[in-house]
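Each chain is listed here by its residues.
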There are 2 protein chains.
Amino acid sequence: MVTLKQLAKELNVSISTVSKALNNSEEIGEETVRRVKELAELYNYKPNKVALSLKQNKTKTIGVIIPDILNHFLAKVLFGIEREASKYGYNIITCISNESLDKEKESMHFLANGSVDGFILSLAEETQMKNEVEHFKKIMAQGLPIVMFDRVAHDVMCDKVIVDDFEAIYNATKNLQAKKRKHIAFISSIDSLSVGKLRERGYNKAILEQQTAKPLVLKIKKKDDNQKKIYSFLKKNPEIDAVVAADSASGVIAINAAIKLGLKVPKDISVIGFSSKADSNLTFPRLTTIRQHAKEIGANAAQLLINRLQNKSLEEDVKTIIVKTSIVKSKSTV
Amino acid sequence: MVTLKQLAKELNVSISTVSKALNNSEEIGEETVRRVKELAELYNYKPNKVALSLKQNKTKTIGVIIPDILNHFLAKVLFGIEREASKYGYNIITCISNESLDKEKESMHFLANGSVDGFILSLAEETQMKNEVEHFKKIMAQGLPIVMFDRVAHDVMCDKVIVDDFEAIYNATKNLQAKKRKHIAFISSIDSLSVGKLRERGYNKAILEQQTAKPLVLKIKKKDDNQKKIYSFLKKNPEIDAVVAADSASGVIAINAAIKLGLKVPKDISVIGFSSKADSNLTFPRLTTIRQHAKEIGANAAQLLINRLQNKSLEEDVKTIIVKTSIVKSKSTV
DNA sequence: CTGAAAGCGCTAACAA
DNA sequence: TTGTTAGCGCTTTCAG
């Protein structure tokens, strides 16, 4: 890589002249500017990012800590973050916590040494279970702002972007009840996550508001065979006439299991799930889905962080943005 | 963030003494080392990464350019890259080209200014279609090594990690033939990609080796309704008794479409697809899949790059690693 | 209009 | 054993 020094030498001017010329400073003579720019072009000069970062004490880089990149929702949020950030000239350093508290801490400390200007993150499962937040506070105390999304720590004072999980499932369940479904089950493979719990609570509330009904819940653990579990669950509880799924795979599998059991969807059983468009396409009939607008969540998170980075003076209060879900009706519900 | 300077001042020693003490230099007195380390600990001192990068002219950061983070295979490769790289203390800067040549170029140039030590990438669809490779060569000429995976540019002399796409589909098709399937169709939604073409060629070769058979191919475009397309395809061609899918969604949909058409899987129709374990779980019966070992691909790519970064002297010849696929038999084939 | 010099945080050769 | 100095590449103040 060419440096200012080399250009300066070749042009027989000083380094600062070259620097100023390239930055269109008024101070430098027209002719000099021309010569400098010409040579810079020729050598494909680009200012060294690292030197700039050191000088300006900011990297224009955001650290993103994602619990699981194979989770389609999280990947989509990452996509949203990246797209929004790159609009503002920011780069993304991605670390994957793999749902582990230690890896989360490690990654953050590894980056909290000048590598990044701030963090966007969603909590690892283990972090949520143990409810540890000290590492977040420590890093914020160092002057690095954090934005949390989806799985957030309510005890940490920082900007947040969340989904109306509770309401979304509550409304979905209410909807099914309005269509005269009497035995609505809830299936979740994300019971250990805060959002999983919220969703279950939304379901429970709707169910318990109807005096005749009782909650019927299937929880799937990571090591379980989700396909087998769901199939047996539906088989053992033939009265079920509707399923609300807290995650994408469970919704898809529920439809296919029902069909396998000889049921008609949605006539005999309605299914509704948290899922993206691509996944809702996998089944016949297509899955009615609760869309989380993952990209928007990512974009909002990036916005919040960049705002805070650029108006550090303003030290405003922390914001929480709720990105509303929407139900996209398809043929798996009546 | 605390700096060496501040520690030095507080301890009444010079900056270099502090630096050496923290780096366990033999030169410094035991007592001094103790005092320095104590204070550093107290203040949670961490060497500024940016300053180190500038000094050592390397960032310990890898630029990864991914065409599409929502593609499960690519996300998994990213996972593999991240995990392997972090073992060696490397960070990952992720850019998403969104299948666009311009974004790919832009991202690379944006990072090729000292931000990263090298690149790992898979070509954008547009890059493959236009067969443009100048930007890769330019960046390599600047001294930044590149490792390509999956969708590679054969005209560029760099390390590569690829999949045996051709053979995998060839073998899968041969397998179906051995089970007396007579009308084997091929369904692909990735026709424009190099790997998509390879897979089709593998299928064609196997089919054409059987004198009685003719290829029967369905190509799905991005804007198409893949569900509808596949359903009508199977309906219009009732003689089909086996499907080879070049991508994950097509395989899943093919099974569900067949069931919807009243066919028995695998008795009436076998289905085999390129897919991951999670996706193969979505259908009844489970989808027999060709696994690409995406994480391994990522790990290999990271290995290759880090090797090259650390043995720059050795300027060895470029390597191409082929990560063999394996077929995981399930109930969608006999 | 141009250049010298300081400084961002760090390491390392050299001096004391 | 400790300190001084130079330098990584850049911007910016101040002097010429």
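Keep in mind that what you see is a predicted model, and the values were worked out from it rather than measured.

Draft legend 1. Up close: the sheet that holds strand β10 (residues 288-291) of chain A. Residues and elements named next belong to chain A. The strand order across the open sheet built from six strands is β7-β6-β8-β9-β10-β12, with neighbouring strands paired in mixed fashion. The open sheet has two edge strands with one neighbour each: β7 (216-219) and β12 (326-328). On average, each strand axis in the sheet is inclined to that of its neighbour by 20°, with strand direction left out of account. Strand direction decides the pairing type here: β10 and β12, joined by three bridges, are antiparallel. Residue Ile 290 lies in a different strand from β12, and its bridge partner there is Ile 327. Most of the contacts of helix α9 (residues 165-178) go to strand β9 (residues 270-274), to which it runs at about 170°, and overall it touches β6 (184-188), β8 (242-245), β9, β10 and β12. Packing of helix α12 (residues 248-260) onto the sheet brings it into contact with β6, β8 and β9, and relative to β9 it is tilted by some 160°.

Draft legend 2. Spotlight on the nonpolar core. By size, the foremost hydrophobic cluster in this structure holds 58 residues, and its most contacted members are Ile62(A), Ile120(A), Phe149(A), Ile62(B), Ile120(B) and Phe149(B). Once residues within four sequence positions are removed from consideration, Ile120(A) is found in contact with Ile62(A), Gly63(A), Val64(A), Ile65(A), Ile81(A), Val147(A), Phe149(A), Ala301(A), Ala302(A) and Leu305(A).

Draft legend 3. Local environment of the protein's contact with DNA strand C. In the vicinity of DNA strand C there are 25 residues, among which Thr17(A), Lys20(A), Lys55(A), Leu4(B) and Tyr45(B) approach most closely. When the atoms of DNA strand C within 4 Å of the protein are grouped by moiety, sugar and phosphate amount to 64% of the total. The separation between a phosphate oxygen of DNA strand C and a polar main-chain atom of Asn48(B) is 3.1 Å. Residue assignment for the surface near DNA strand C shows that the elements contributing at least two residues are α2 (15-22) and α4 (49-56) of chain A together with α1 (4-11), α2 (15-22) and α4 (49-56) of chain B. The leading source of residues in the surface near DNA strand C is α2(B), at four residues. Here the residues of the surface near DNA strand C are counted per class, giving nine nonpolar, 10 polar and six charged.

Parameters at a glance
Every chain is numbered on its own, with residues counted from 1 as its sequence reads. Written order decides the labels, with chains lettered from A and ligands numbered from 1. Per-residue local features of the predicted model are confined to residues with pLDDT of at least 70, and side-chain atom pairs are confined, for both listing and counting, to 80 or more; whole-chain, interface and lining totals are unaffected and use all residues. Excluded from the side-chain calculation are hydrogens and water; included are all heavy atoms of the structure. Two strands are said to pair when DSSP picks up at least two bridges between them. Each helix corresponds to a stretch of at least 4 residues labelled H or I by DSSP, and each strand to a stretch of at least 2 residues labelled E; elements are numbered beginning at the N terminus. Geometry is summarised by axes, namely lines fitted to C-alpha atoms with helices restricted to the contacting stretch, and by angles between N-to-C directions that run from 0 to 180 degrees. Two residues form a contact once any of their heavy atoms are found within 4.5 Å. Working definition of a nonpolar core: buried Ala, Val, Leu, Ile, Met, Phe, Trp, Tyr and Cys residues. They are joined through side-chain atoms within 4.5 Å. When a residue's accessible area, from a 1.4 Å probe over protein chains only, is under 20% of the maximum for its type it is buried; when over 50% it is exposed; and in between it is partly exposed. Each residue is tested against the molecule or strand, and it is near if at least one of its non-hydrogen atoms lies within 4 Å. N or O atoms closer than or at 3.5 Å make up a polar contact, with two conditions inside protein: a donor-capable atom paired with an acceptor-capable one, and, for residues adjacent in sequence, both atoms drawn from side chains. Just so you know the grouping, Ala, Val, Leu, Ile, Met, Phe, Trp, Tyr, Cys and Pro go in nonpolar, Asp, Glu, Lys and Arg go in charged, and all remaining residues, Gly too, go in polar.

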